[in-house]
Each structure stands twice: as C-alpha cells, then as structure tokens.
Amino acid sequence: MRVMVIVKADKDSEAGLQPTKKTKDCFEAMGKFNEELVKAGVMLEGEGLHPSSKGKRVKFSGQQRTVIDGPFAETKELVAGFWLWQVKSIEEAVEWLKRAPFDGTEVEIRQVYEMQDVPADIVSPEHAARERALREELNKKAAKS
Amino acid sequence: MRFMMLVKHGEIQAPPPKEFLDAMTKLGEEAEKSGTMVASGGLFPIAKGARVRFSPGKVTLVTGPFPESKK
C-alpha cells in the first residue's frame, strides 16, 4: 500500500529557507533519513513546499470561484512537505516515521486510495480503465523526465 | 515550476457521487493532455491513518479519533 506522510508547517517553514545552522543541520539529517528510506525501497517521492506567502487558495461556492492570496495564518493547518511511501502496513509506516529527525511537531500518515479500493458501484469498470490509462500516461511522462 | 494542490474536505462518510468522480476524471484527462498534471490521488479517512508526535526526546503514536475534519 502507499501512504502519504504529511508534515505540517511551523514558524520556520513559513519563514522560508534561512541560511542558518539549524536549516543546514535539518537538511543534512533529512538527507540521511531519505537515503535510508530509498535504500529500503520505502520512499517513492518526497518534497518540501514553499511558504504559504507564495501560495493561493481557491474557494468553491456553487459556480463561484474566489482566489485568496497567501500567506495564511493558521500555521499548524498548513502543509510544509510530504512523502509518498510504499509500505506493507500502516504499522510499518509508523515505525519508519518514528525514526525521522523531527522535534516538536506532529506528523500525519494517510493511506492512498488505489483503484482496487474503489467499489465497482462507484466507479464503473469503464471509468476505472480510463483512470488507469491516465495514471499510466503520467507514469510514462515521469519516467521520461 | 511545480505546484501542489491540496483538497480539503470534511471526512467523507459516504462515497462521492458518480457525477463528481466522472468530472474529476475528465478534468484529470484534460490536465494530463495539456501537460499540466504530474500526479494526483485521494486519501483514506484519518481513521485508517496515524499521527506521530515528536516532542523533545520522545516519539509517540497518537491514536484517533481526530475531530478536526476540515483540515
């Protein structure tokens, strides 16, 4: 199964990358952890996000779309980064996550829906085939880049 | 440059309507053709997930239920 590991924002991540020792140490520790994850075949993807000051929100209400510029105040609800992991169970994901070089934060693990997780009465076989084709195209593009 | 779109929603109690999923697939196909979409996916409710808390010198597994469903 695939899980998404969601790292929440804090004061530091919202300030953007600062050339401090703390930032450098953090990058080094994260790099080491990522290498372990890759070696174990766990890590599929992992990225960090720019501060919310560079982001936008789009509000959907009926036919109306409203664009709101960042930054956004509720730092703890913002996402600062994520991983996509391939694991055998949620427990395996928890064990890996516990080894991550974090301090003073809470990190969330969420299982990713695969096509086989969606019941046939919601997504018809024809619809599921289209989704699979779409994902294959995306994977092909990713392999090329 | 790449952007991440985060879709927030209250924890889903019932499966989404077919029309919604059809519309999402159509949008996905368009976005793929135009070269805009890199990847997309949906997440199970938090009840199937976990949270891990990192406090100084201590790492704990936080068990649900987690009430803040809009986040």
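Residues numbered from 1 in each chain as written. Chains lettered and ligands numbered in written order. Predicted model: local features only at pLDDT ≥ 70, side-chain atom pairs only at ≥ 80, totals over all residues.

Visitor: Would you explain the overall build of chain B in this entry?
Guide: Within chain B, the secondary structure is distributed over 1 helix and 2 strands. For chain B, the α and β elements follow one another from N to C terminus as α-β-β. Buried positions account for 6% of the 71 residues belonging to chain B. (Helix = DSSP H or I, 4+ residues; strand = E, 2+ residues; numbered from the N terminus. Buried ≥ 20, exposed ≤ 12 C-beta atoms within 10 Å, placed from the backbone.)

Visitor: I keep staring at the nonpolar core and nothing clicks. Help me out?
Guide: Looking at soluble globular proteins, one finds that nonpolar side chains tend to be buried together. Grouped together as the largest cluster of nonpolar side chains are 18 residues, with contacts concentrated most on Val3, Val5, Trp85, Ala93, Leu97, Val107 and Ile109 of chain A. Going through the elements one at a time, β1 (2-8), β5 (79-86), α3 (90-98) and β6 (105-111) of chain A together with β1 (50-55) of chain B are the ones with two or more residues in this core. Excluding residues within four positions of it along the chain, Ala93 of chain A makes contact with Val3, Trp85, Val87 and Ile109 of chain A. (Core = buried A, V, L, I, M, F, W, Y, C linked by C-beta atoms within 7 Å. Contact = placed C-beta atoms within 7 Å.)

Visitor: Would you mind going over the confidence of the model for chain A with me for this structure?
Guide: Detailed reading of the predicted coordinates is not advisable wherever pLDDT is low. Taken as a whole, chain A shows an average pLDDT of 94; of its residues, 100% reach a score of 70 or greater. When mean pLDDT is compared element by element in chain A, strand β4 (residues 64-69) of chain A scores highest at 98, while helix α4 (residues 125-144) of chain A scores lowest at 90. (pLDDT = per-residue confidence, 0-100.)

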